[in-house]
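Commentary on secondary and tertiary structure
The chain contents come next:
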Amino acid sequence: MLDPITVSVLTHRFEAIVQEMGEAMLRTAYSQILNSSRDFSTAICDAGARLVAQAEHVPIHVGAIPWAVESVRDFFQGRIRPGDVYLLNDPYHGNNHLPDLTAFVPVFVDGEVGFWSINRAHQSDIGGSTHGAYNPAATEIWQEGLRITPLKLYDAGELRDDVLKMVATNVRHPHDFMGDLRAMIGSARVGERRLQALLDEYGPKTVVGAVDEILDGAEKQARDCVRTWRDGVYRGESILDDDGHGVTDIWIRATVTKRGDALTVDLSDSHPQVPGFINSSFPNTMSAVHMAFAYLIDPRTPKNSGTFRPVKVVARQGTIVWPHPPAPVTLATNHCAQDIAESIIRALAPACPARAIAGWGRRFRIAIKGVNPRTRRPFIWHMFHARPGGGACAEGDGWETAGEGQAAGGIKFGSVEVAETRFPLTFEHHEFRADSGGDGMHRGGVGAVLRLRMDVEEPAVANTAGDGVRHAPYGLLGGQDGLPHRYRLLSRGRRPRVLKTKEVGILVRPGDVFLVESSGGGGFGPPSKRPPETRARDLENGFVTRRGRAANSRRRRAQAAR
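Anyway, here's the lowdown on the structure attached to this text.

Turning next to the overall build of the protein. The secondary structure content of the protein amounts to 12 helices and 20 strands. Computed over its C-alpha atoms, the radius of gyration of the protein comes to 23 Å, within 12% of the 24 Å expected for a compact globule of 562 residues. Considered along the principal axes of its C-alpha atoms, the protein spans approximately 70 × 60 × 45 Å. Of all 562 residues assigned to the protein, the portion counted as buried reaches 60%. Across the protein, the mean location of the 69 positive side-chain charges is 6 Å away from that of the 64 negative side-chain charges.

As structure tokens, this is what we get:
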């Protein structure tokens, strides 16, 4: 057994490595979705595919990585060599969904694989029937993009250029794709070098031996936290708007049994799998469960495979949380992942009210394809702006425009200035959406209002992928719901077009304006307990208006009368 100081030092060294990997990625990736919006994650796993460390990037990415490592390791068993680089994106082979391409670099210890250095990054395009890596029309996975099962890209340091050519040929913008892929591999190589330096400094026996103690320590911290919650059987439900193919009000139901220092999360009563792309691959579902658990425990607990040992998951194949192939699954990292997590959090709110979180705004993505008149080059742009508000909790108000809950602030606003420079668009108006956060003792974070003008000279085309128009972010323990999304397309001489959350082939004319009003987060606790001075400050800062404040007062009086 190692001394506690050494274990603590190595814990933080592993965490520093994945953070440096993230910085390398941020500074070298080509696409704005990566170098500005940060839709990527970095991690280290050991030879047993156990998650050792992850950076604070996109929570839904990392929880599924152990299944991906297992898939690559088992497929290439006995054929893994120093200098290799592997790729994977197929959700039926351990990944979340097709746009999240994952690069793996093995790190050798005494001639055997000791660790894996991993970068998972959302691609701007991954082929398939539509641009932008999301296809709301898909009814089977082959319509969603290029499927990469475990694949060796570098063999003992030698690039397999025929394989790279094949992959790059199947995406719409190979130049950007190649730049992003090189950044991913470079990031994973940084992890490899830093791990080798760590092994040289402390010795393989100490570094490898520390992993068990790091994971055991995280497990103990997690169990100590769970032990303080009330025992019982709890139920929570979250409802999705639709699947884009006529199925509406799709439920995720979690029955959570808490006994002592452990949880059993039963998702088997969830909605049967649907034709559309909101089904969740099994690794993605496991990641969503672990994400919910990570949100509820002490934030100082390291997030690794040991952390999640107290949680047992029960699921039934054929449901939305574990579909039979070839069901499409691309939207699942947003929805139903966030909805899985929220059903668990809502279930456990009575057991640990001080740790529960009200509903966050849901994702509503727009991907636009056209030709930039300044360069005459084609472009694909993903809208990461006008993000929704975060849910409130016992500690305070929700974050304003924090983004959806499955990313928890990890995915950022893309730079407005960079977007206007690189793409033919103008941000005419971008500000907080007053009155959108749910009222409560602690208020939900407000969403945003955006007027985005398209400065193309020939028609472009847009797709949408999201949720949250019919079902708003939920209030918790007496807090009120936030407002749902409202997205419209304004064309001169035509009536405003209300955008659905899941549609393809939206014609975008020169000068058209996207008018986006994103949802606010849910409130926490009874509104009557919100101090008057805090309400005055909300009004002064523009988070609420006098009209909205009056409407909330009327709602509170009506609730009290009932």
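Right, picking up where we left off after that structure.
We now examine the pairing of strand β8 (residues 232–242). Walk down a regular strand and you will see the side chains alternate between the two sheet faces. Among the 11 residues that make up β8, 8 are buried, leaving the element largely enclosed by the rest of the structure. Relative to strand β9 (residues 248–259), β8 runs antiparallel, the two sharing 10 bridges. By the bridge assignment for β9, D242 is matched with T248. Here β8 folds back onto β9, and the loop between the two strands holds 5 residues, one of which, G244, carries a positive phi near 85°.

For the rest of this paragraph, the subject is the sheet that holds β9. Strand order in the open sheet formed by 4 strands is β8-β9-β10-β11, and the pairing between neighbours is mixed. The strands lining the two open edges of the sheet, one partner per strand, are β8 and β11 (311–314). For this sheet, the mean inter-axis angle between neighbouring strands, taken without regard to orientation, is 20°. Along the sheet, helix α9 (residues 337–348) contacts β8, β9 and β10 (262–266); its crossing angle with β8, the most-contacted strand, is approximately 145°.

Compared with an ideal rise of 1.5 Å per residue, which puts 15 residues at 21 Å, helix α8 (residues 282–296) spans 22 Å between its outermost C-alpha atoms and is within 8% of the ideal. Across the 15 residues that make up α8, a large majority, 13, are buried.

So, about the sheet that holds strand β14 (residues 425–432). What the 5 strands build is an open sheet, ordered β14-β15-β20-β17-β18; its pairing is antiparallel. In this open sheet, the two edge strands, each paired with only one partner strand, are β14 and β18 (497–498). One ladder, built from 5 bridges, connects strand β17 (residues 486–490) with strand β20 (residues 513–517); its direction is antiparallel. Its bridge partner being in β20, Y487 is matched across the sheet by V516.

We now examine the packing of aromatic side chains. Aromatic ring pairs are reported here in terms of the distance separating the ring centres and the angle at which the planes meet. According to the stated counting rule, one finds 15 aromatic pairs in the structure shown. When the centroid spacing of 5.9 Å and the interplanar angle of 70° are considered together, the rings of W360 and W399 count as edge-to-face. Of this pair, W360 sits in the loop between α9 and β12 (364–372) while W399 sits in the loop between β13 (377–382) and α10 (416–422), and the two are 39 residues apart along the sequence. Through a chain of ring-to-ring contacts, three or more aromatic side chains come together here, namely F75, F76, Y86, F104 and W116. A cation over an aromatic ring shows up here: R346 above the ring of Y474, its NZ or CZ 4.2 Å from the ring centre. Taking the ring centre of F384 as reference, the NZ or CZ of R363 above it sits at 4.7 Å.

Turning our eyes to something else, we now look at the pattern of salt bridges. Evaluation of the coordinates by the stated rule reveals 43 salt bridges. With its nearest N and O atoms 2.7 Å apart, the salt bridge here joins K258 to D231. Placement of the pair is K258 in strand β9 and D231 in the loop between α7 (204–226) and β8, with a sequence separation of 27 residues. Judged by relative accessible area, which is 46%, D231 ranks as partly exposed. A salt bridge links D242 to K502, with the shortest nitrogen-to-oxygen separation between them at 3.7 Å.

To continue, consider the packing of helix α6 (residues 174–202) against α7. Packed helix pairs are characterised by how far apart their axes lie and by the angle those axes make with each other. Two elements in contact, α6 and α7, have axes whose closest approach is 6 Å; the angle formed by their N-to-C orientations is 115°. Relative to α7, α6 is oriented roughly perpendicular. Contacts from L198, L199 and Y202 of α6 reach α7 at P204, T206 and V207. Broken down by class, the residue content of the contact of α6 with α7 amounts to 5 nonpolar, 1 polar and no charged.

As a packed pair, helix α1 (residues 4–28) and α6 sit with axes 8 Å apart at the nearest point and diverge in direction by 155°. Between α1 and α6, the angle falls in the class roughly antiparallel. You can see that α1 and α6 cross each other, and the crossing is right-handed.

The subject of this paragraph is the environment of M286. On the secondary structure map, M286 appears in helix α8. Distance in space between the C-alpha atoms of M286 and V321 is 9.1 Å, their sequence separation being 35 residues. Those residues in contact with M286 that sit more than four places away from it in its chain are W67 and V313.

So, on to the pairing of strand β1 (residues 40–46). Within β1, 7 of the 7 residues are buried, leaving the element largely enclosed by the surrounding structure. Across the two faces of β1 the burial is the same, with F40, T42, I44 and D46 and S41, A43 and C45 all buried. By the bridge criterion, 7 bridges tie β1 to strand β5 (residues 112–122) in an arrangement that is antiparallel. Bridge pairing in β5 links S41 to R120. Of the pairings in the sheet, the one linking β1 to strand β2 (residues 51–54) comprises 3 bridges and is antiparallel in character. Note on β2: the bridge partner recorded for C45 is L51. Between β1 and β2, which pair antiparallel one after the other, the connecting turn spans 4 residues, and A49 there sits at a positive phi close to 65°.

Basis of the calculations
- Residues numbered from 1 in each chain as written.
- Predicted model: local features only at pLDDT ≥ 70, side-chain atom pairs only at ≥ 80, totals over all residues.
- Heavy atoms only, no water.
- Helix = DSSP H or I, 4+ residues; strand = E, 2+ residues; numbered from the N terminus.
- Rg over C-alpha atoms; globule rule 2.2 N^0.38 Å.
- Buried < 20%, exposed > 50% of the residue type's maximum accessible area, 1.4 Å probe, protein only.
- Lys, Arg positive; Asp, Glu negative; His and termini not counted.
- Charge placed at Lys NZ, Arg CZ, Asp CG, Glu CD.
- Pairing = 2+ DSSP bridges.
- Axes fitted to C-alpha atoms, helices over the stretch in contact; angles between N-to-C directions.
- Contact = heavy atoms within 4.5 Å.
- Expected span 1.5 Å × (residues − 1).
- Phe/Tyr/Trp six-rings, centres within 6.5 Å; stacked < 30°, edge-to-face > 60°.
- Lys NZ or Arg CZ within 6 Å of the ring centre and 35° of its normal.
- Salt bridge = Lys/Arg side-chain N within 4 Å of Asp/Glu carboxyl O.
- Parallel < 35°, antiparallel > 145°, perpendicular 65-115°, else oblique.
- Nonpolar A, V, L, I, M, F, W, Y, C, P; charged D, E, K, R; others polar.
- Left-handed = near helix turned anticlockwise from the far one by under 90°.

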